[in-house]
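Summary of the model geometry
Below are the chains, spelled out letter by letter.
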Amino acid sequence: MTNYLEVKNLSKSFDSFQLHNISFTLPKGYIMGLIGPNGSGKTTTIKLILNMLKRNGGEIKIMGLDNVADEQKAKAELGVVFDTNYFSDDWQVTQVEKSISVFYPNWKSERFAEMLRKFHIAPTKKVKELSKGMQMKLMLACAFSYDAKLLILDEPTSGLDPVSRDELLQILSEYIEDGEHSVLFSTHITGDLERAADYITYISYGELFFSGSKDEFVDMFRIVKGGTEELSADLKEKAVGVRTFSTGFEALVKTEDTVAFSSLSIEPATIDEIVVFTSKKGDDYE
Ligand SMILES: Nc1ncnc2c1ncn2[C@@H]1O[C@H](COP(=O)(O)OP(=O)(O)OP(=O)(O)O)[C@@H](O)[C@H]1O
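Residues numbered from 1 in each chain as written. Predicted model: local features only at pLDDT ≥ 70, side-chain atom pairs only at ≥ 80, totals over all residues. Heavy atoms only, no water.

**What to know about the sheet that holds strand β13 (residues 248-254)**
Strand order in this open sheet of 4 strands is β12-β13-β11-β14, and the pairing throughout is antiparallel. Both edges of this open sheet fall to β12 (241-244) and β14 (265-268), since each of them pairs with a single strand only. Taken pair by pair, the neighbouring strands of this sheet meet at an average axis angle of 25°, ignoring direction. Of the pairings in the sheet, the one linking β12 to β13 comprises 4 bridges and is antiparallel in character. Counted as the bridge partner of R243 is E250 from β13. (Pairing = 2+ DSSP bridges. Helix = DSSP H or I, 4+ residues; strand = E, 2+ residues; numbered from the N terminus. Axes fitted to C-alpha atoms, helices over the stretch in contact; angles between N-to-C directions.)

What follows is the structure, given as structure tokens:
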């Protein structure tokens with residue numbers, strides 16, 4: 001299987017934050033969600049991939065190319081979408097095309113025009129006159145016009161209403177349909193992952209918690225529920241996290257540990273539950 005992105009033992013130190021030995025691979029033709037609580041290192045990881053920050057250790061390959069030594073070649077294959085647009089506010093959409101296309105020898109003007117039609121973006125509009133969702137689509141239209149093979153998006157859905165969010169996820173799903181493109185996107189909205197991601201990389205406070213298929217991730221844990229009196233010391237010990245209520249409890253437990261609790265209610269865990277329980281680091285809370 002060809003990998004479009006390979007991150008190996010990536011490390012970065014800031015004064016008050018360390019990203020430790022992060023490793024993951026994104027194969028060609030798939031979508032990966034990058035998740036983790038605030039301040040976990042998602043944006044730092046993306047900036048390191050884009051060589052916007054200098055790493056302290058590790059290796060990053062974009063379509064087999066070193067992201068630092070072969071930066072220009074690697075970037076020609078990349079499309080980047082941040083949650084704020086990087087065009088000049090006063091540019092008209094036509095000016096955006098003029099300014100961006102010069103960097104990409106394989107830029108297709110017909111494709112850009114087609115994407116503008118598809119996304120209902122008037123070429124005469126100024127960037128500042130476009131809504132956040134439209135600006136996002138404009139960044140995507142650019143990436144599609146030079147046929148970026150790998151799209152990297154930092155929280156692309158964060159400011160979007162549910163309709164625009166759904167539309168964006170649909171666009172990303174269509175983009176990888178031919179098996180020749182891949183997407184890495186960070187998000188706090190786990191519904192986005194349920195809807196669009198094939199793989200999940202979960203970074204928790206600078207450490208890699210998990211990287212692998214979404215199904216594998218969800219299958220690692222179960223939710224065990226019971227009445228107050230059923231919360232045994234053994235269960236507390238085995239649980240990754242416990243939430244107590246006046247009438248009972250819910251605990252996130254590793255799937256292999258649930259056999260001991262088969263008399264209780266055991267349900268599949270959602271991505272949200274896994275993230276919430278694991279990022280509480282096992283503390284009880286109500
Ligand atoms: N240039 C920098 N200098 C010093 N510290 C930084 C720098 N950039 C990020 N950090 C710190 O690194 C940590 C991780 O930040 P990062 O933005 O990567 O997290 P994140 O997972 O993307 O968070 P969020 O979900 O809130 O966007 C934070 O504690 C942040 O303050």
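We are not done yet, so read on.
**Brief notes about the nonpolar core**
Residues L138, L140, L151 and V183 are the most contacted members of the largest nonpolar core, which totals 52 residues. Domain assignment of the residues forming this core places at least three in each of domain 1 (3-217) and domain 2 (220-279). Beyond its immediate sequence surroundings of up to four residues, V183 is in contact with L26, Y30, I31, M32, L150, L151, L153, L172, Y175 and I176. F17, L65, A74 and I203 belong to the second largest nonpolar core, which has 26 residues in total. (Core = buried A, V, L, I, M, F, W, Y, C linked by side-chain atoms within 4.5 Å. Buried < 20%, exposed > 50% of the residue type's maximum accessible area, 1.4 Å probe, protein only. Domains from an automatic or database assignment. Contact = heavy atoms within 4.5 Å.)

**So, helix α3 (residues 93-101)**
Within α3, burial applies to V93, V96, E97, S99, I100 and S101. Packing partners of the buried residues in α3 comprise α4 (109-118) and α5 (132-145).

**Section: the domain arrangement of the protein**
Segmentation of the protein into domains returns domain 1 (3-217) and domain 2 (220-279). Summarising the inter-unit geometry, the C-alpha centres of domain 1 and domain 2 are found 35 Å apart. The partner domain 2 presents 9 residues to the 13 residues of domain 1 that form the contact. Roughly 920 Å² is buried in total at the junction of domain 1 and domain 2, and carbon and sulfur atoms are behind 68% of that figure. Applying the counting criterion to the domain 1 and domain 2 interface returns 0 salt bridges. Here domain 1 and domain 2 share 4 residue pairs in polar contact (both at pLDDT 80 or more) between them. Counting only elements with at least two residues in the side of domain 1 that touches domain 2, the list comes to α7 (190-196), β9 (199-204), β10 (207-213) and α8 (214-219). Of the residues that constitute the side of domain 1 that touches domain 2, the class distribution is 9 nonpolar, 1 polar and 3 charged. (Buried area = accessible area lost by both parts, 1.4 Å probe. Salt bridge = Lys/Arg side-chain N within 4 Å of Asp/Glu carboxyl O. Polar contact = N/O pair within 3.5 Å; in protein donor to acceptor, adjacent residues only side chain to side chain. Nonpolar A, V, L, I, M, F, W, Y, C, P; charged D, E, K, R; others polar.)

**Concerning the environment of A113**
Structurally, A113 can be placed in helix α4. Under the relative-accessibility criterion, A113 is labelled partly exposed at 30%. A sequence separation of 50 residues divides A113 from V163, and the C-alpha atoms of the two residues are 23 Å apart.

**Looking at the pairing of strand β4 (residues 57-62)**
Here strand β1 (residues 3-14) runs beside β4; their pairing, made up of 5 bridges, is antiparallel. Across the sheet, S11 pairs through a bridge with G57, a residue of β4. In the sheet, β4 pairs with strand β5 (residues 65-66) via 2 bridges, with the strands oriented antiparallel. Considered in β5, the bridge of I62 is made with L65. Between β4 and β5, which follow one another and run antiparallel, lie 2 residues, and M63 among them has a positive phi close to 50°.

**Considerations on the packing of α5 against helix α6 (residues 162-176)**
Their axes nearest at 12 Å, the elements α5 and α6 cross at an angle of 10°. Regarding the angle of α5 to α6, the classification is roughly parallel. Residue-level inspection shows M136, K137, L140 and F144 of α5 in contact with α6, the latter providing E167, L168, I171, L172 and Y175. Considering only residue class, the contact of α5 with α6 consists of 7 nonpolar, no polar and 2 charged. (Parallel < 35°, antiparallel > 145°, perpendicular 65-115°, else oblique.)

**Points about the site of the ligand**
Taken together, F14, F17, P37, N38, G39, S40, G41, K42, T43, T44, E155 and H188 form the complete shell of residues around the ligand. Here E155 contributes a side-chain N or O atom positioned 3.3 Å from an oxygen atom of the ligand. H188 has a polar side-chain atom sitting 2.7 Å from an oxygen atom of the ligand. Relative to its unbound accessible surface of 640 Å², the ligand loses 60% to contact with the protein. (Near = heavy atom within 4 Å. Areas by Shrake-Rupley, 256 points an atom, 1.4 Å probe, with all protein chains shown as cover.)

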